[in-house]
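Residues per chain are reported as follows:
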Amino acid sequence: MPSLRVVLAEDSVLLREGLIALLQRFGHETVAAVGDAQALTAAVAEHRPDIVVTDVRMPPGYGDEGLRAALALRESYPGLPVLVLSQYVQRAYAAELLESGDGSGVGYLLKDRIGEVEEFAASVERVAAGRPAVDSEVVRQLLRRHRDPLQRLTPREREVLALIATGRSNAAIARELVVTEAAVGKHIGNILAKLDLPPAEETHRRVLAVLAFLRS
């Protein structure tokens, strides 16, 4: 992927500098690195980046300022890719973020579950390309809010759905669940049918399979 121009929002100086170095390692430029939501909004207006990477908890309240800023930015700049990093799942705002723009170009990763730097870099690039990158634990907690639609899926189909939301390919899902790609394809077909999703561009259908639960 070509070099990305990134606006980074993280109030921890050490983590912020570490993320800058990590992004640079993979050929991406941090055009602005800020420590609060107000500065994030200003930096996006000034630099018009390819992607925003932001923490959830930001000054002054250290609540969900970063996530709320991400939602506002997605509204002000439709299609702006946003990757949220968090130590916890803020369910209401996370669901709203993942619903924005039909889920294209959004991500939500839990910091303590990012096991490899390559995994993080791949998530940044995936979101910048307009695809989703969502931690399976985030999906699990969000789907818990909507139990009725889950009754339409089998336990295995719910597993597949959670893996779809992380951005995994059919081959990767097959490896994760130790089944064949054909079996994964059948599960996905069943999921889409049970959610009454019409034929559409493949990437968006997979995203909408998750969003259908959040909107029910």
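Residues numbered from 1 in each chain as written. Predicted model: local features only at pLDDT ≥ 70, side-chain atom pairs only at ≥ 80, totals over all residues. Heavy atoms only, no water.

Looking up the chain in an unreviewed UniProt entry gives the name Response regulator transcription factor, with the organism given as Streptomyces coffeae.

Counted according to the given criterion, the structure contains five salt bridges. A salt bridge links Arg25 to Glu118; the nearest nitrogen and oxygen atoms lie 3.8 Å apart. Placement of the pair is Arg25 in helix α1 (residues 13-25) and Glu118 in helix α5 (residues 117-128), with a sequence separation of 93 residues. Given a relative accessible area of 55%, Arg25 falls into the exposed group. When the shortest N-O distance is used, the salt bridge between Arg156 and Glu159 registers 3.3 Å. (Salt bridge = Lys/Arg side-chain N within 4 Å of Asp/Glu carboxyl O. Helix = DSSP H or I, 4+ residues; strand = E, 2+ residues; numbered from the N terminus. Buried < 20%, exposed > 50% of the residue type's maximum accessible area, 1.4 Å probe, protein only.)

With that settled, the discussion passes to helix α3 (residues 65-76). Here α3 contains twelve residues, and its C-alpha end-to-end distance of 16 Å stays within 8% of the 16 Å for a straight helix at 1.5 Å per residue. Buried within α3 we find Glu65, Gly66, Leu67, Ala69, Ala70, Leu71, Leu73 and Arg74. (Expected span 1.5 Å × (residues − 1).)

Pairing is parallel across the open sheet formed by six strands, whose spatial order is β2-β1-β3-β4-β5-β6. Here the strands that pair on one side only, and so sit at the sheet edges, are β2 (29-34) and β6 (133-134). For strand β5 (residues 106-110) and β6, the ladder comprises two bridges, and the chain directions are parallel. Residue pairing across strands places Gly107 opposite Ala133, the latter belonging to β6. (Pairing = 2+ DSSP bridges.)

Here we come to the UniProt feature "modified residue: 4-aspartylphosphate" (unreviewed entry) in the chain. Here, UniProt's "modified residue: 4-aspartylphosphate" (unreviewed entry) annotation points to Asp55. Structurally, Asp55 can be placed in strand β3 (residues 51-55). Asp55 has contacts with Ala9, Glu10, Asp11, Gly66, Leu67, Leu85, Ser86 and Lys111, leaving out every residue within four places of it along the chain. (UniProt positions renumbered as here; feature names shortened; annotations may be inferred. Contact = heavy atoms within 4.5 Å.)

Pairing between strand β1 (residues 5-9) and β2: five bridges, direction parallel. Counterpart to Leu8 in the pairing with β2 is Ala33. Taken together, β1, α1 and β2 constitute a β-α-β crossover, and its handedness is right-handed. (Right-handed = clockwise from strand over helix to strand, strands pointing away.)

Attention shifts here to the pairing of β1. Note on strand geometry: in a regular strand, side chains alternate between the two faces of the sheet. Counting buried residues along β1, four of its five residues qualify, which places the element largely inside the surrounding structure. Relative to β3, β1 runs parallel, the two sharing four bridges. Paired with Ala9 across the two strands is Thr54, which belongs to β3.

By the element assignment, Glu137 lies in helix α6 (residues 136-143). Residue Glu137 is classed as buried on the basis of its relative accessible area, which comes to 17%. C-alpha separation for the pair Glu137 and Thr166, spaced 29 residues apart in sequence, amounts to 9.5 Å. Residues in contact with Glu137, not counting those within four places in the same chain, are Leu110 and Arg113.

Here we come to the nonpolar core. If you look at the biggest cluster of nonpolar residues, it comprises 32 residues, and the most contacted ones within it are Val7, Leu40, Val44, Val52, Val84, Leu97 and Tyr108. Sorting elements by how many residues they give to this core places α3 first, with five residues. Not counting residues within four places of it along the chain, the set of residues in contact with Val44 comprises Val7, Pro49, Val52, Leu73, Tyr77 and Leu80. Leu22, Leu23, Val124 and Val127 belong to the second largest nonpolar core, which has 15 residues in total. (Core = buried A, V, L, I, M, F, W, Y, C linked by side-chain atoms within 4.5 Å.)

Our focus in this paragraph is the packing of helix α2 (residues 37-47) against α3. Two numbers describe how α2 lies on α3: the axes approach to 9 Å, and their chain directions differ by 25 degrees. Judged on the interaxial angle alone, α3 and α2 are roughly parallel. In this structure, α2 meets α3 at a crossing whose hand is right-handed. Together, Ala37, Leu40, Thr41 and Val44 of α2 and Glu65, Ala69 and Leu73 of α3 make up the contact between the two elements. (Axes fitted to C-alpha atoms, helices over the stretch in contact; angles between N-to-C directions. Parallel < 35°, antiparallel > 145°, perpendicular 65-115°, else oblique. Left-handed = near helix turned anticlockwise from the far one by under 90°.)

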